[in-house]
Structures are given as structure tokens and as C-alpha cells.
Amino acid sequence: MDKKKMFKIIDLHLEEEAGVPSNRELMWEDLGEWQMDSLKKMGMDSKHKLLDIGCGPLRFGTYAISYLDEGNYFGVEVWEPYLKLGRRILEEFEISKNYTMKIDRGFDYESFGEKFDFAIAQSVVTHMSVRQIDELLDVLKKVMKPDGILLFTFINNRFPYSVYYEMEEPMITPCKLDNAFFQALEKKYQVEYRKYPEGLERHPTGQAVATIKF
Ligand SMILES: C[S@@+](CC[C@H](N)C(=O)[O-])C[C@H]1O[C@@H](n2cnc3c(N)ncnc32)[C@H](O)[C@@H]1O
């Protein structure tokens, strides 16, 4: 991305009091292209409906909304300032297609009234408690189409720690996200868990990558 655009995105964060930009902005293209490439390799095409869990200020949205057919992108976020910041970022990228984004702290994905072909949680399970990860699968089981796929990234930390996202939203960094943890969920929800699915490029920041097929 050219420097002028990068500075504009940083300015928009400050104007919307949405916090200090992070590696999400500095690695805008690396992460965005990795997500798009990975979803396409798993079979996503423009007709599919995508749920972007923890969509942030629509960084991946700038890629996905442009690619998908009108209205097929749905984002959920807990951090309210990203709603308006996301809108402004899309304006900056001159993207005017319809999309849906909502603030959701309670996994109420059924209220979209949609069934999704794909879901993505890029660096989001990374910050969920183990109870939230369980709740996430519980609701995805209801809103994903049969054979729908969740692509997610995570870190199997040795120790847990907690911080507050911009001093407001709890941001947990759990531990023990090991094979046994995901295999227990696989059994509970009758889904297929796969770590490091074949053919995907390494994650740009080195997080573990996995899929769940519903
Ligand atoms: C590290 S950022 C990644 C953002 C985005 N996926 C991207 O790649 O640009 C993690 C995001 O997840 C959001 N988040 C954390 N817990 C969430 C939850 N339970 N539901 C939805 N979003 C959540 C945070 O507010 C933050 O925007």
C-alpha cells in the first residue's frame, strides 16, 4: 500500500478514537491477501456468503466485500468504534457495495437470518476464552451450511494472560489450545477439525492455522 493511504488509515483511526493502529494496519496487504488466498484455496467463490468474526475496521472487508457478490459479506465485532471506522475505510478504498456489519458480544449470529458457506476468524480465537470458543462453535453449528468451513488462526500459549482491548474490551490470550482441546470440540459438535490444512501459505505472523468443517 502506498504511504499516503497508510497514513490516511492511521488518521482515520485517530479521528474515530478507535485506538492506536497495530500490525493489522502495518501488515494490511500481507494479512488481507493471505486471508483471501486461503479462502479461495478452500473453495470460496463470489457467490458464497462469508461471516467475518472479529472483523475489526474491515481490513479484510476491503478485500472480501470487493470480491463477493453484493451483500454476501457479514462482519461481527465487539469494539464499537470500528463500525464507523470500517465505513470510512471502505469510502477511502472507494468500495460502495452492500455489506452487513454489527456489534455483537453474545454470539447472536442467528439474527442475521443467513446460512454461511465460509467463516473466518483471523487472530480472533487467539483472544477468546475457552468458554467463548465453545460458544462460537455452538452458534456456528447452527448458522453454517452443511460442509461450510471456518478458517481460524490461534496461538497455543504456554501461559494465559489478559489485557483490555483499548482499555475497554477484555482481550484474553488463553493457553492449552492444543490438539486435545480441539479434538474434544470436534467430538462434541460432530465437526471435522484440521490443523494446517494442505495447500495454504504460512500465516504472515506465524500463528497456527486450522479449519473446522461443519
Ligand atoms: C487482532 S484483531 C483481528 C481483526 C481482524 N480479524 C483482522 O484480521 O484485521 C481481533 C479482533 O477481534 C475482536 N474480537 C474479540 N473478541 C471478539 C468476539 N467475541 N466477537 C467478535 N469480535 C471479537 C476484537 O475487537 C478485534 O477487533
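Our structure's up above, just so we're on the same page.
The helix and strand inventory of the protein chain stands at 7 helices and 9 strands. Relative to a compact globule of 214 residues, whose C-alpha radius of gyration would be 17 Å, the protein chain shows 16 Å and is just as compact. Dimensions of the protein chain, computed from C-alpha atoms along their principal axes, come out at roughly 50 × 40 × 35 Å. The 214 residues of the protein chain split such that 34% are buried. Intrachain contacts of the protein chain at a sequence separation of at least 6 include 69% that bridge at least 24 residues.

Attention shifts here to helix H1 (residues 3-15). An ideal rise of 1.5 Å per residue puts 18 Å on 13 residues; H1 measures up with 18 Å between its terminal C-alpha atoms. Three or more residues of H1 are buried, namely Ile9, Leu12 and His13. Each buried residue of H1 lies within a common arc of 105° when the element is viewed along its axis, so the set occupies one face. Residues of H1 that are exposed and point over 90 degrees away from its buried face: Lys3, Lys4, Phe7, Leu14 and Glu15.

Another aspect to go through is the packing of helix H3 (residues 28-41) against helix H4 (residues 59-67). At a closest axis distance of 8 Å, the pairing of H3 and H4 adopts a crossing angle of 45°. Judged on the interaxial angle alone, H4 and H3 are oblique. Taken as a pair, H3 and H4 cross one another with a handedness that is right-handed. For the pair formed by H3 and H4, the contact residues are Trp28, Leu31, Gly32, Gln35 and Met36 on the first element and Arg59, Phe60, Thr62, Tyr63, Ala64 and Tyr67 on the second. Per-class residue counts for the contact of H3 with H4 are 7 nonpolar, 3 polar and 1 charged.

Next up on the list: the site of the ligand. As a structural note, the neighbourhood of the ligand is formed by 20 residues, with Gly54, Gly56, Trp79, Gln122 and Ser123 the closest of them. Class assignment of the residues belonging to the shell around the ligand gives a composition of 10 nonpolar, 6 polar and 4 charged.

In the contact formed by H1 and helix H5 (residues 81-92), the axes pass within 10 Å of each other and the chain directions differ by 155°. Classified by the interaxial angle, the pair formed by H1 and H5 is roughly antiparallel. As for how H1 packs across H5, the hand of that crossing is right-handed. Each of Lys8, Ile9, Leu12 and His13 in H1 lies in contact with H5, whose residues at this interface are Leu85, Arg88, Ile89 and Glu92.

This part is about the pairing of strand S3 (residues 100-103). Two faces belong to every sheet, and in a regular strand the side chains alternate between them. By the bridge criterion, 4 bridges tie strand S2 (residues 73-77) to S3 in an arrangement that is parallel. For Phe74, the partnering residue across the bridge sits in S3 and is Thr100.

Rules used in this analysis
- Residues numbered from 1 in each chain as written.
- Predicted model: local features only at pLDDT ≥ 70, side-chain atom pairs only at ≥ 80, totals over all residues.
- Helix = DSSP H or I, 4+ residues; strand = E, 2+ residues; numbered from the N terminus.
- Rg over C-alpha atoms; globule rule 2.2 N^0.38 Å.
- Buried ≥ 20, exposed ≤ 12 C-beta atoms within 10 Å, placed from the backbone.
- Contact = placed C-beta atoms within 7 Å.
- Expected span 1.5 Å × (residues − 1).
- Arc of directions from axis to C-beta.
- Axes fitted to C-alpha atoms, helices over the stretch in contact; angles between N-to-C directions.
- Parallel < 35°, antiparallel > 145°, perpendicular 65-115°, else oblique.
- Left-handed = near helix turned anticlockwise from the far one by under 90°.
- Nonpolar A, V, L, I, M, F, W, Y, C, P; charged D, E, K, R; others polar.
- Near = placed C-beta within 6 Å.
- Pairing = 2+ DSSP bridges.

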